Amino acid sequence: MGLFKTNPFGHNLYIKKWLIRILALLSHQRYKRFNTLEIDGSEVIRNLPDRNVLFVSNHQTYFADVVAMFHVFNASLSGREDSIKNLGYIWQPKLNMYYVAAAETMKKSLLTKIMAYAGSVSVERTWRAEGQDVKRQVKMSDISSIGKALNDGWVITFPQGTTTPWKPLRKGTAHIIKKYRPVVVPVVIDGFRRSFDKKGLRIKKKGILQSMVIKEPLEFDYDNESSESIIEKLEYAIEQHPSFLKVISKKDLLAYEEENKKRKWKKS
């Protein structure tokens, strides 16, 4: 790889490689020492094509979720079996891996700008801006950016657009699936909300069992299937369909509600 080679977004791949290595080194113990990350589905990762793959996941923190996925996906590609032991897997990371993030979030600090360079496809949120509810049209340039990333490699997206559980999925995800016809891989995570703060930068509690389940790709009729049907399949696949609320214990629901109240109080 040449020193001046860039990806479709103009990011220097040599710089990106070193940023991923450094961020992985700094974050590895968050999933191996302070907490434990249980993984299922490494074989799915190894059987995927090199490009046009869309990972769809539930969301629990701004950054800890996606950083964990960078660890797990790279470890799986290097032959690790449901494990991120031995950080050597990050020496040759997959450089054509991206994640969708709010442009507003990725511009807030030097750290977020570094993380953006390491792989974000920044888009403008249509429903939220600067802490206020808004209603905006989807920017076609944002859709095109995600398509550009899919054409180059893998893209991670969190279609609920929020870390609050069981919220409806954004229909834009279905539009992307119908337009670009990617291989769609569901990912279900848990434990990150309890072990990290909302941003996913500070360890809130140690000794938490985190989990990541990578499921087999979903099947769609890209030509004839409705957006509503696609969204419903995704909701079931990432275990965020409203019907899941019927099997969640009252204790867990109260815990989620209490945590959300604390976040709102801190924000205000």
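As the structure is a computational prediction, the values presented were derived from the model and not from experiment. (Residues numbered from 1 in each chain as written. Predicted model: local features only at pLDDT ≥ 70, side-chain atom pairs only at ≥ 80, totals over all residues. Heavy atoms only, no water.)

### Comments concerning the overall build of the protein
What the protein contains, in helices and strands, is 11 helices and 9 strands. Counting only residues that meet the buried cut, the protein has 48% of its 268 residues in that class. For the protein, the accessible area works out to roughly 14,000 Å², and carbon and sulfur atoms hold 54% of it. (Helix = DSSP H or I, 4+ residues; strand = E, 2+ residues; numbered from the N terminus. Buried < 20%, exposed > 50% of the residue type's maximum accessible area, 1.4 Å probe, protein only. Areas by Shrake-Rupley, 256 points an atom, 1.4 Å probe, with all protein chains shown as cover.)

### Quick look at the pattern of salt bridges
All told, the structure shown has 6 salt bridges when counted by the stated rule. For the salt bridge of Arg-181 with Asp-223, the shortest nitrogen-to-oxygen distance reads 2.2 Å. In this pair, Arg-181 is assigned in the loop between α8 (172–180) and β8 (183–190) and Asp-223 in the loop between β9 (209–214) and α10 (227–237), connecting sequence segments 42 residues apart. According to the relative accessible area criterion, Asp-223 is exposed, its value standing at 54%. Across the pair Lys-215 and Glu-239 runs a salt bridge whose closest N-O atoms are separated by 3.2 Å. Of this pair, Lys-215 sits in the loop between β9 and α10 while Glu-239 sits in the loop between α10 and α11 (250–267); the two residues are 24 residues apart in sequence, bridging distant segments of the chain. On the accessibility criterion, Lys-215 (24% relative accessible area) is partly exposed. (Salt bridge = Lys/Arg side-chain N within 4 Å of Asp/Glu carboxyl O.)

### Topic: the environment of Gly-200
Relative to the helices and strands, Gly-200 is located in the loop between α9 (192–195) and β9. Counting along the chain gives 140 residues from Gly-200 to Gln-60, while the straight-line C-alpha distance between them is 8.4 Å. If we skip the residues at most four places from it in the chain, Gly-200 touches Arg-30, Thr-61, Tyr-62 and Ala-64. (Contact = heavy atoms within 4.5 Å.)

### Points about the nonpolar core
Side chains that are nonpolar tend, in soluble globular proteins, to be buried together. Tyr-31, Leu-37, Phe-55, Phe-73, Ile-156, Met-212 and Ile-214 are the most contacted members of the largest nonpolar core, which has 43 residues in total. Sort the elements by how many residues they give to this core and helix α4 (residues 64–77) lands first, with 9 residues. Excluding residues that lie within four positions of it along the chain, Tyr-31 makes contacts with Thr-36, Leu-37, Ala-64, Val-67, Ala-68, His-71, Ile-84, Phe-192, Phe-196 and Gln-210. Core analysis: the second largest hydrophobic core is formed by 21 residues, Val-121, Ile-143, Ile-177 and Val-184 among them. (Core = buried A, V, L, I, M, F, W, Y, C linked by side-chain atoms within 4.5 Å.)

### Thoughts on the pairing of strand β3 (residues 97–102)
Where burial is concerned, most of β3 is hidden: 6 out of the 6 residues are buried. Pairing analysis gives 3 bridges linking β3 to strand β7 (residues 154–157), with the strands arranged parallel. Within β7, the residue paired with Met-97 across the bridge is Trp-154. (Pairing = 2+ DSSP bridges.)

### Quick notes on unusual backbone geometry
With phi around 60°, Asn-52 is a residue other than glycine that occupies positive phi space. In this fold, Asn-52 is placed in the loop between α3 (42–46) and β2 (53–57). Phi at Glu-239 takes a positive value of approximately 60°, unusual for a residue other than glycine.

### A closer look at the packing of aromatic side chains
In this description, an aromatic ring pair is defined by two values, namely the gap between the centres and the angle between the planes. In the structure shown here, the tally under the stated rule is 11 aromatic pairs. Between the NZ or CZ atom of Lys-16 and the centre of the ring of Tyr-98, over which it lies, the distance is 4.5 Å. The ring of Trp-154 has Lys-94 lying over it, and the distance from NZ or CZ to the ring centre is 4.4 Å. (Phe/Tyr/Trp six-rings, centres within 6.5 Å; stacked < 30°, edge-to-face > 60°. Lys NZ or Arg CZ within 6 Å of the ring centre and 35° of its normal.)

### What about the packing of helix α7 (residues 140–152) against α8?
Running from N to C, α7 and α8 point in directions that differ by 55°, and their axes come no closer than 11 Å. Taken together, the axes of α7 and α8 are oblique relative to one another. Between α7 and α8 lies a crossing whose hand is right-handed. Contact residues: Met-140, Ile-143, Ser-144, Ile-146, Gly-147 and Leu-150 in α7; His-175, Ile-176, Lys-179 and Tyr-180 in α8. (Axes fitted to C-alpha atoms, helices over the stretch in contact; angles between N-to-C directions. Parallel < 35°, antiparallel > 145°, perpendicular 65-115°, else oblique. Left-handed = near helix turned anticlockwise from the far one by under 90°.)

### What to know about the sheet that holds strand β1 (residues 36–40)
Taken in spatial order, the 7 strands make up an open sheet running β1-β9-β8-β2-β7-β3-β4, and their pairing is mixed. For this open sheet the edge positions go to β1 and β4 (120–123), each flanked by a neighbour on one side alone. Taken over all neighbouring pairs, the strand axes of this sheet differ in orientation by 25° on average, direction set aside. Of the pairings in the sheet, the one linking β1 to β9 comprises 5 bridges and is parallel in character. Considered in β9, the bridge of Asp-40 is made with Val-213. Lying on the sheet, α4 is in contact with β1, β2, β3, β7, β8 and β9; it crosses β7 at an angle near 145°.

### A word on a nonpolar patch on the surface
Together, Leu-3, Phe-4, Tyr-14, Ile-15, Trp-18, Ile-22, Leu-26 and Trp-91 give the surface a local cluster of nonpolar side chains, amounting to about 910 Å² of exposed area. Looking at the secondary structure, you find Ile-15 in helix α1 (residues 13–27). Ile-15 sits in the partly exposed class, given a relative accessible area of 42%. (Patch = residues over 30% accessible without salt bridge, like charges linked within 9 Å, V, L, I, M, F, W, Y side chains within 5 Å.)

Treat this as a map of the structure, not an account of what it does.
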